[in-house]
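# Results of the structural survey
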Amino acid sequence: MGLWKASGRKGLGGRQGTLALLLGAVLLLCGCGTGASDGSAASGGGASSGSQAVSTEELAQHAYDLLETVETACREGMRCYRSVWQYGIEIGVEQESAALLGESGSDADTVMDGLASRMGVERSFLEENGGYAAEDFLNGDGTYDGWQFCLWATENCYAAIGYYEGLDSAMETAQDVIKSLPEGYEYRQALKDYYTKTAAYVAYFEDVSGSYNSSGDTVAEYENAIEAAKEGLLFDFG
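Since this is a predicted model, take the numbers as computed values, not measurements.

### Remarks on the overall build of the protein chain
- On a plain count of helices and strands, the protein chain comes out with eleven helices and two strands.
- Going from the N terminus to the C terminus, the protein chain shows its helices and strands as α-α-β-β-α-α-α-α-α-α-α-α-α.
- Counting every atom, the protein chain has about 11300 Å² of accessible surface; 48% of that belongs to carbon and sulfur.

### Notes on the environment of G146
- You can see G146 is positioned in helix α7 (residues 146-160).
- Along the primary structure G146 and W85 are separated by 61 residues, whereas in three dimensions their C-alpha atoms are 8.8 Å apart.
- Non-local contacts of G146, meaning those with residues more than four positions away in its chain, are made with G88 and F137.

### Looking at the confidence of the model for the protein chain
- Across the protein chain, pLDDT averages 81, with 76% of residues at or above 70.
- Per-element confidence in the protein chain is highest for helix α9 (residues 188-206), whose mean pLDDT is 97, and lowest for helix α1 (residues 2-7), whose mean pLDDT is 25.
- Across residues 1-14, where pLDDT falls below 50, the model places 26 contacts with residues more than four positions away in sequence or in other chains.
- A low-confidence stretch, residues 32-51 (pLDDT under 50), is modelled with 42 contacts involving residues beyond four sequence positions or located in other chains.

### Examining α9
- Here α9 is 19 residues long and its end C-alpha atoms lie 27 Å apart, about the 27 Å a rise of 1.5 Å per residue gives.
- Every buried residue of α9 is accounted for by R188, L191, Y194, Y195, T198, Y201, V202, Y204 and F205.

### Section: the nonpolar core
- Counting residues in each nonpolar core, the largest one holds 60 residues, and the members touching the most others are M78, L115, L126, F149, L167 and F205.
- Among the secondary structure elements, those contributing two or more residues to this core are α3 (56-100), α4 (108-119), α5 (123-129), α6 (134-138), α7, α8 (163-180), α9 and α10 (212-230).
- No other element matches α3, which puts 16 residues into this core.

### Digging into the packing of aromatic side chains
- On inspection of all chains with the given rule, the structure shows 16 aromatic pairs.
- Between W85 and Y212 the ring centres are 5.8 Å apart and the planes differ by 75°, which places this aromatic pair in the edge-to-face class. Taken together, the residues W85 in helix α3 and Y212 in helix α10 connect sequence positions 127 residues apart. Each member of the pair W85 and Y212 is classed as buried.
- Considering the side-chain rings of Y158 and Y164, the 5.9 Å spacing of their centres and the 80° angle between planes classify their relative orientation as edge-to-face.
- What makes Y158 buried here is its relative accessible area of 0%.
- Assessed through its relative accessible area of 15%, Y164 is described here as buried.
- Ring pairs connect the aromatic residues Y64, Y185, Y187, Y194 and F237, which therefore count as one cluster.
- A cation over an aromatic ring shows up here: R82 above the ring of Y212, its NZ or CZ 4.3 Å from the ring centre.

What counts and how
Residues numbered from 1 in each chain as written. Predicted model: local features only at pLDDT ≥ 70, side-chain atom pairs only at ≥ 80, totals over all residues. Heavy atoms only, no water. Helix = DSSP H or I, 4+ residues; strand = E, 2+ residues; numbered from the N terminus. Areas by Shrake-Rupley, 256 points an atom, 1.4 Å probe, with all protein chains shown as cover. Contact = heavy atoms within 4.5 Å. pLDDT = per-residue confidence, 0-100. Expected span 1.5 Å × (residues − 1). Buried < 20%, exposed > 50% of the residue type's maximum accessible area, 1.4 Å probe, protein only. Core = buried A, V, L, I, M, F, W, Y, C linked by side-chain atoms within 4.5 Å. Phe/Tyr/Trp six-rings, centres within 6.5 Å; stacked < 30°, edge-to-face > 60°. Lys NZ or Arg CZ within 6 Å of the ring centre and 35° of its normal.

Set out below in structure tokens:
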């Protein structure tokens, strides 16, 4: 909530409001918590970060919390993305059917309202940050079809609120913190594995490829891999 007051963003609610809160949590963890956001090393059970001593356990917990928040942010972001993708496909099919029947199909207002609803934002936010106008798609100029229009607009909105940047920043911080853990620390390798699997999901979320149908299986694979990687950490950190 404070993130949006500070940034002056308006028009966020529903699913996108959830994404805003998750982004705020990511940024908060990057800048505070254990005082180890700079990856200060822990040695012999403790280290100095400025004037504050940070234990190995605190560093490990900080890394875990960052990764778990990023993981959740990717899951929610991907749910929204696939919902928008499905809507775009439906709109494209409708337009093709209408054209065959000599009808006009949905107008630009209907498409923009539907897209904003799927994203969970006000239409004004979509128009300000989406970067594309539904009229371009509906005029059938051949530049892109419905699903491409919806995905590009959504990606622009994500970029506008700093979603991708926030995830990247959190992952960079988590990597630095994990690197600072002593080589012999019992959970260092498990945290590295958790980081690697989460980083792969972030990379996919930021550059989705494949078809709508195949993306469902791909997302499941990434999320299952993350669950397997964090299983040994849940008791002590979850």
